[in-house]
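Residue-level listing of the chains:
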Amino acid sequence: MADIGRFPWRIAGHMIAKLSKEDVARLLQDPSADARAEAAAKIATHYDAAENFGAEEKKLAEEIFSIMCKDAEERVRQALASNLKECPYLPHDIAITLAHDVEAVSVPMLKYSSVLTDADLIQIVHSQGEEKQRAIAGRTSVSGQLSDALIDTRNENVVGDLVSNEGAQISDEAMHRLLDDFEHSDIVKESLVGRGAVSVEITERLMSIVSEELQQRLLARMDLSSDQIGDLVLQSREKATLGLVGGPEAKTDTRRLIVHLYKNGRLTPTIVLRALCM
């Protein structure tokens, strides 16, 4: 290990503290978890902020982090992760170790760390539980590939968080897939209605499966003409109406529905054609 007696902490060129041999000894040997957690937070905070560290000082800090990542006390590792979660130059191996730790330690890293790659995050999505998946779904930026992996979990809460995240890239193909899986999920449908950028095709499909209240919310935020809005409403009503038509055992009900639509002027050419297509 480098000379621990010479570890200056600098912020904007000003000396604010010095890590002594005694500090490191206390960090590694103090039986008090509180003392080690306090030291972990102190070192991590200064490392994250100290852009003017020399190579030797950074190396020493990283050696200490490697030791703290293995500390038996969760609160020590948690203090480390909380203060390093947004550090852009944290060594990858340290970020990975913290990201695979228990939830209290890993969640801050999974949600904020730019050091973790898509490959790292996808592997965690495939192998870890809901809380870690939700943390990843809430990242500032989620690639299309990572979104696909999150949708593949088929977890309602995870997918709801992903769809609510405007920084998540979700293709129309993926949108259709999640609607296939979560057509009856209020969480996912409400998240989709609130999402800023949704194609007309997805909007049209949503119109046919959400409540009237959600339909109004969906239409209110779209830049559509009155004719386009009317068409979408009509299409959603026709789909919902045709959803009432059952199998062979429902022939009588189907006939009654046709008569009812005819008498009320709603047996339109479009609903007839849609029924034929279905």
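Rules of the game
- Residues numbered from 1 in each chain as written.
- Predicted model: local features only at pLDDT ≥ 70, side-chain atom pairs only at ≥ 80, totals over all residues.
- Heavy atoms only, no water.
- Helix = DSSP H or I, 4+ residues; strand = E, 2+ residues; numbered from the N terminus.
- Contact = heavy atoms within 4.5 Å.
- Areas by Shrake-Rupley, 256 points an atom, 1.4 Å probe, with all protein chains shown as cover.
- Phe/Tyr/Trp six-rings, centres within 6.5 Å; stacked < 30°, edge-to-face > 60°.
- Buried < 20%, exposed > 50% of the residue type's maximum accessible area, 1.4 Å probe, protein only.
- Lys NZ or Arg CZ within 6 Å of the ring centre and 35° of its normal.
- Salt bridge = Lys/Arg side-chain N within 4 Å of Asp/Glu carboxyl O.
- Patch = residues over 30% accessible without salt bridge, like charges linked within 9 Å, V, L, I, M, F, W, Y side chains within 5 Å.
- Axes fitted to C-alpha atoms, helices over the stretch in contact; angles between N-to-C directions.
- Parallel < 35°, antiparallel > 145°, perpendicular 65-115°, else oblique.
- Nonpolar A, V, L, I, M, F, W, Y, C, P; charged D, E, K, R; others polar.
- pLDDT = per-residue confidence, 0-100.

This brings us to the overall build of the protein. For the protein, the helix and strand inventory stands at 17 helices and two strands. Relative to all contacts within the protein whose residues are 6 or more apart in sequence, the contacts with residues 24 or more apart total 61%. Carbon and sulfur atoms make up 50% of the accessible area of the protein, which totals about 14,800 Å².

This part takes up the packing of aromatic side chains. Scanning all chains against the criterion turns up two aromatic pairs. Centroid distance Tyr47 to Phe65: 5.0 Å. Interplanar angle 90°. Geometry classified as edge-to-face. One end of the pair, Tyr47, is in helix α2 (residues 33-49); the other, Phe65, is in helix α3 (residues 55-68), with 18 residues separating them in the sequence. Taken individually, Tyr47 and Phe65 each receive the classification buried, so the pair is uniform in this respect. One aromatic cluster is present, formed by Tyr47, Phe65 and Tyr89 through successive ring pairs. If you follow Lys85 out to its NZ or CZ, it ends over the ring of Tyr112, 5.7 Å from the centre.

A few words on the pattern of salt bridges. One pass over the structure, following the stated rule, counts nine salt bridges. In this structure, Arg134 and Glu130 form a salt bridge, with 3.7 Å as the shortest nitrogen-oxygen distance. Highlighted residues: Arg134 and Glu130, both in helix α8 (residues 130-137), separated by four residues, approximately one helical turn. Relative accessible area serves as the criterion here: at 28%, Glu130 is assigned to the partly exposed category. Where Asp161 meets Arg134, a salt bridge forms, and the shortest distance between an N and an O atom there is 2.5 Å. Remark: Arg134 occurs in helix α8 and Asp161 occurs in helix α10 (residues 156-164); sequence separation between them is 27 residues.

A few words now on a nonpolar patch on the surface. Side chains of Ile258, Tyr262, Leu267 and Val272 sit close together on the surface and give an oily, nonpolar patch of about 390 Å² of accessible area. By the secondary structure assignment, Val272 is in helix α17 (residues 269-277). On the basis of relative accessibility, which here comes to 39%, the residue Val272 falls in the partly exposed class.

To continue, consider the packing of α10 against helix α12 (residues 186-194). At a closest axis distance of 8 Å, the pairing of α10 and α12 adopts a crossing angle of 5°. The angle between α10 and α12 places the two elements in the roughly parallel class. In contact with Glu156, Asn157, Val159, Gly160, Val163 and Ser164 of α10, α12 contributes Asp186, Ile187, Val188, Ser191 and Leu192. Within the contact of α10 with α12, the residues separate by chemical class into five nonpolar, four polar and two charged.

Per-residue confidence for the protein gives a mean pLDDT of 77, with 64% of residues at or over 70. In this model residues 1-17 is a low-confidence stretch, pLDDT under 50, and it forms 46 contacts with partners more than four residues away in sequence or in other chains.

Looking at the element boundaries, Ser106 is found in helix α6 (residues 103-112). The contact partners of Ser106, leaving out residues within four places of it in the chain, are Leu98, Ala99, Asp101 and Lys132.

Moving on, we get to the environment of Leu150. One can find Leu150 in helix α9 (residues 144-151). On the accessibility criterion, Leu150 (0% relative accessible area) is buried. Taking the C-alpha atoms as reference, Leu150 lies 8.5 Å from His126; in sequence the two are 24 residues apart. Those residues in contact with Leu150 that lie beyond four places of it in its chain are Val125, Gln133, Ile136, Ala137, Val142, Val158, Val159 and Leu162.

What follows covers helix α7 (residues 118-127). The set of residues buried in α7 consists of Asp120, Leu121, Ile122, Ile124 and Val125. Elements that come into contact with the buried residues of α7 comprise α5 (92-99), α6, α8 and α9.

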